[in-house]
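# Structure assessment
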Amino acid sequence: MDERKQITIDGFCEVPQNMSVEEFNDIFIDFIEQHGWHFCGLVHEKKQ
């Protein structure tokens with residue numbers, strides 16, 4: 001059986017001003033899935 005561990009991400013990403021949260025989420029999740037990983041959590045715009 002493939003052993004896995006969990007890594008907690010506690011931070012933010014700086015992206016172009018005109019990038020939507022949906023656009024970022026699509027790119028982020030594609031990256032995660034391309035590596036055979038899984039993401040469980042929230043992606044939202046940071047309040048200034």
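What this report covers is the structure whose coordinates are included nearby.

Scoring rules and cut-offs
Residues numbered from 1 in each chain as written. Predicted model: local features only at pLDDT ≥ 70, side-chain atom pairs only at ≥ 80, totals over all residues. Heavy atoms only, no water. Helix = DSSP H or I, 4+ residues; strand = E, 2+ residues; numbered from the N terminus. Buried < 20%, exposed > 50% of the residue type's maximum accessible area, 1.4 Å probe, protein only. Areas by Shrake-Rupley, 256 points an atom, 1.4 Å probe, with all protein chains shown as cover. Lys, Arg positive; Asp, Glu negative; His and termini not counted. Charge placed at Lys NZ, Arg CZ, Asp CG, Glu CD. Phe/Tyr/Trp six-rings, centres within 6.5 Å; stacked < 30°, edge-to-face > 60°. Lys NZ or Arg CZ within 6 Å of the ring centre and 35° of its normal. Expected span 1.5 Å × (residues − 1).

## Concerning the overall build of the chain
Of regular secondary structure, the chain possesses one helix and zero strands. By its C-alpha atoms, the chain is 45 × 20 × 15 Å across when sized along the principal axes. Within the chain, buried positions represent 4% of all 48 residues. Just so you have it, the chain exposes about 5,300 Å², and 52% of that area is on carbon and sulfur atoms. Computing the positive centroid from 4 side-chain charges and the negative centroid from 10, the chain places the two 8 Å apart.

## With respect to the packing of aromatic side chains
Pairs of aromatic rings are described using the distance from one ring centre to the other and the angle between the two planes. Under the definition given, this model contains three aromatic pairs. Ring plane angle 10 degrees and centroid distance 5.8 Å describe the contact between Phe24 and Phe28, whose orientation is recorded as stacked. Of this pair, Phe24 and Phe28 are both found in helix 1 (residues 21-34), four residues apart, which corresponds to roughly one turn of the helix. Taken together, Phe24, Phe28 and Phe39 form an aromatic cluster joined through their ring pairs. Over the ring of Phe12 we find Lys46, and its NZ or CZ is 5.0 Å from the ring centre.

## Description of helix 1
Helix length check: helix 1 (14 residues) gives 20 Å between terminal C-alpha atoms against 20 Å at 1.5 Å per residue, within 8%. Within two residues after helix 1, Gly36 carries a phi angle of roughly 75 degrees, on the positive side.

## Description of the environment of Glu22
Counting through the fold element by element, Glu22 comes out in helix 1. Glu22 gets classed as exposed once you look at its relative accessible area, which sits at 57%. Spatially, the C-alpha atoms of Glu22 and His44 are 8.9 Å apart, while their sequence positions differ by 22 residues.

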